[in-house]
Amino acid sequence: MTNSAAPHLLPVFARSDLGFERGEGCWLIATNGDRYLDFTSGVAVNALGHAHPALVKALQEQATKLWHMSNLFQSPDGEKLAARLCNESFADFVFFCNSGAEALEGVIKLVRHHHFSKGHPERYRIITFEGAFHGRTLATLAATGSAKYLEGFGPPMDGFDQVPHGDIEAVKKAIGPQTAGILIEPIQGEGGVRSATPAFLKALRQLCDEKGLLLAFDEVQTGMGRTGDLFAHRRTGVTPDVMSLAKALGGGFPIGAVLATADAAAGMGPGSHGSTFGGNPLAISAANAVLDVMLKPGFFDHVQKMSLLLKQKLASVIDRYPDIVSEVRGEGLLIGIKAVVPSGDLGAALRNEKLLTVGAGDNVVRFLPPLIVTEAEIEDSVGRLERACAAISSSQTKRAAS
């Protein structure tokens, strides 16, 4: 990893030496012409792969008409997108922004303002979970609660109570007179592809109903088809009051969204929130094009079929290389492989085989292919994983012999 090729970019990313000039479907083409199978998807962003014709057409057409006009005016295409998202979800209202972190900021503000508008300004605290990742702003870092992300930025923002993941008794103990809501990812992506069980989510829903709390789902990574349905929570039978979306919503164009019921959004009137660029015409056109593709019959069936195939193939690799990889996690095409060796070593070996993956917590490597991935590309990826495992195993044998 090096930053030497980008001396004027703030060195907050451990960038690899790879650079890419274009993409085609599930493939990225490097500046030297090498082709890489992209199972990173911009960290679950490029759900329709690279240069998808529907997205290219939508952006090209919009670029000749209108880029920005301010949220002080009507947005017919934005209203269309909001209506489509509401029709496909529990929500009555949608707020558009630019990123996942901004969407989570909106969720946090909405949860707090809900209780303020009902005469309970003291209820502002939100329960979150160990292993979560909600963003890089000061508020979302505090909600995340990880010391490594918080270090050096002063006292964490007040208002978050973190409890062990999956521990319903700890949640009950954390609820007090100041509690406003509970925030959870249906599947922790950055945290190591750890799923919340349907039973746990149902217990959270029941607690929120009993205590008058809002249940908020962070679906920035799990939403927009990644788990085999448009939203991950639809596979659990649990409906939140508020939800964040981003990443795949624009298929690669920056856009985020907050979805909420009318009751949850009570009190959010003019001036209570805003975003200069949120819901700009280019982003809206991209997101509408993404929905056009995803809502076609058979799209999610394909994701589920590819998920099953990938899990089966990965399980066979674990059987052959138990000293390198030990477990397959996740749903849909949000798949984690728990490594026995350091996950960074496995990621590097995969990159040597021209397969791009992304790390996660708990020594996990994520496989996040575009949702349009083919059976042949799944087979190809597993072959590259096998070669990477063989290379690591051989290296271990040589070190042991020397």
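Small disclaimer: the values here were computed from a predicted structure and weren't measured.

K.L.:
For the packing of helix H3 (residues 76-87) against helix H9 (residues 281-294), give the residues involved together with the corresponding values.
P.N.:
The interhelical angle for the contact between H3 and H9, taken along N-to-C directions, is 35 degrees, at an axis separation of 9 Å. Handedness of the H3/H9 crossing: left-handed. Counting all contacts with H3, which are made through Asp 77, Gly 78, Lys 80, Leu 81, Arg 84 and Leu 85, the residues of H9 involved are Ile 284, Ala 287, Asn 288, Leu 291 and Asp 292. Among the residues making up the contact of H3 with H9, the classes are represented as five nonpolar, two polar and four charged.

K.L.:
Now, about the UniProt feature "modified residue: N6-(pyridoxal phosphate)lysine" (unreviewed entry) in the protein chain: what can you tell me, with residues and values included?
P.N.:
The sites that carry the UniProt feature "modified residue: N6-(pyridoxal phosphate)lysine" (unreviewed entry) are, in the present numbering, Lys 247. Tracing the backbone through its elements, the reader meets Lys 247 in the loop between strand E11 (242-245) and strand E12 (256-260). The exposure class assigned to Lys 247 is partly exposed, which follows from its relative accessible area of 22%. Look past the residues within four positions of Lys 247 in its chain and what remains in contact with it is Val 43, Ala 44, Val 45, Val 220, Gln 221, Gly 252 and Ile 255. At 3.0 Å, the side chain of Lys 247 and the backbone oxygen of Val 43 are in polar contact.

K.L.:
For the pattern of salt bridges, give the residues involved together with the corresponding values.
P.N.:
Here the structure, examined in full by the defined rule, presents 23 salt bridges. A salt bridge links Asp 263 to Lys 118; the shortest N-O distance between them is 3.3 Å. Here Lys 118 lies in the loop between helix H4 (100-117) and strand E5 (125-129) and Asp 263 lies in the loop between E12 and H9, a separation of 145 residues in the sequence. Exposure remark for Asp 263: the relative accessible area of 45% places this residue in the partly exposed category. Judged by its relative accessible area of 43%, Lys 118 falls in the partly exposed class. Three or more residues joined by partner-sharing salt bridges are found here, namely Glu 327, Arg 329, Lys 338 and Asp 362.

K.L.:
Kindly report on the side chain of Arg 329, identifying the contributing residues and their values.
P.N.:
Among the secondary structure elements, Arg 329 is positioned in strand E13 (residues 325-331). The class for Arg 329 is buried, based on a relative accessible area of 13%. Within polar-contact distance, the side chain of Arg 329 engages the backbone oxygen of Gly 192 at 2.8 Å. Looking at Arg 329, its side chain comes within polar contact range of the side chain of Glu 327, at 3.2 Å. Apart from residues lying up to four places away in sequence, Arg 329 is in contact with Gly 192, Val 193, Arg 194, Leu 334, Ile 335, Gly 336, Lys 338, Asp 362 and Val 364.

K.L.:
Describe the packing of helix H2 (residues 53-63) against H9, naming the residues involved and giving the relevant values.
P.N.:
Packing of H2 against H9 brings their axes to within 9 Å, and their N-to-C directions diverge by 150 degrees. Our classification of the angle between H2 and H9 gives roughly antiparallel. Considering only the axes of H2 and H9, their crossing is right-handed. For the pair H2 and H9, contact is made by Ala 54, Leu 55, Ala 58, Leu 59, Gln 62 and Ala 63 and by Pro 281, Leu 282, Ser 285, Ala 286, Ala 289, Val 290 and Val 293, respectively.

K.L.:
Tell me about the UniProt feature "binding site: pyridoxal 5'-phosphate" (unreviewed entry) in the protein chain, and please be specific about residues and values.
P.N.:
In the numbering used here, UniProt assigns the feature "binding site: pyridoxal 5'-phosphate" (unreviewed entry) to Gly 100, Ala 101, Phe 133, Asp 218, Glu 219, Val 220, Gln 221 and Thr 276. On the basis of their most widely separated C-alpha atoms, the annotated residues across 177 residues do not gather in one place, lying as much as 25.1 Å apart. In this fold, Ala 101 is placed in helix H4. Relative to the assigned elements, Phe 133 resides in the loop between E5 and helix H5 (138-144).

Procedures and definitions
Residues numbered from 1 in each chain as written. Predicted model: local features only at pLDDT ≥ 70, side-chain atom pairs only at ≥ 80, totals over all residues. Heavy atoms only, no water. Axes fitted to C-alpha atoms, helices over the stretch in contact; angles between N-to-C directions. Helix = DSSP H or I, 4+ residues; strand = E, 2+ residues; numbered from the N terminus. Left-handed = near helix turned anticlockwise from the far one by under 90°. Contact = heavy atoms within 4.5 Å. Nonpolar A, V, L, I, M, F, W, Y, C, P; charged D, E, K, R; others polar. UniProt positions renumbered as here; feature names shortened; annotations may be inferred. Buried < 20%, exposed > 50% of the residue type's maximum accessible area, 1.4 Å probe, protein only. Polar contact = N/O pair within 3.5 Å; in protein donor to acceptor, adjacent residues only side chain to side chain. Salt bridge = Lys/Arg side-chain N within 4 Å of Asp/Glu carboxyl O. Parallel < 35°, antiparallel > 145°, perpendicular 65-115°, else oblique.

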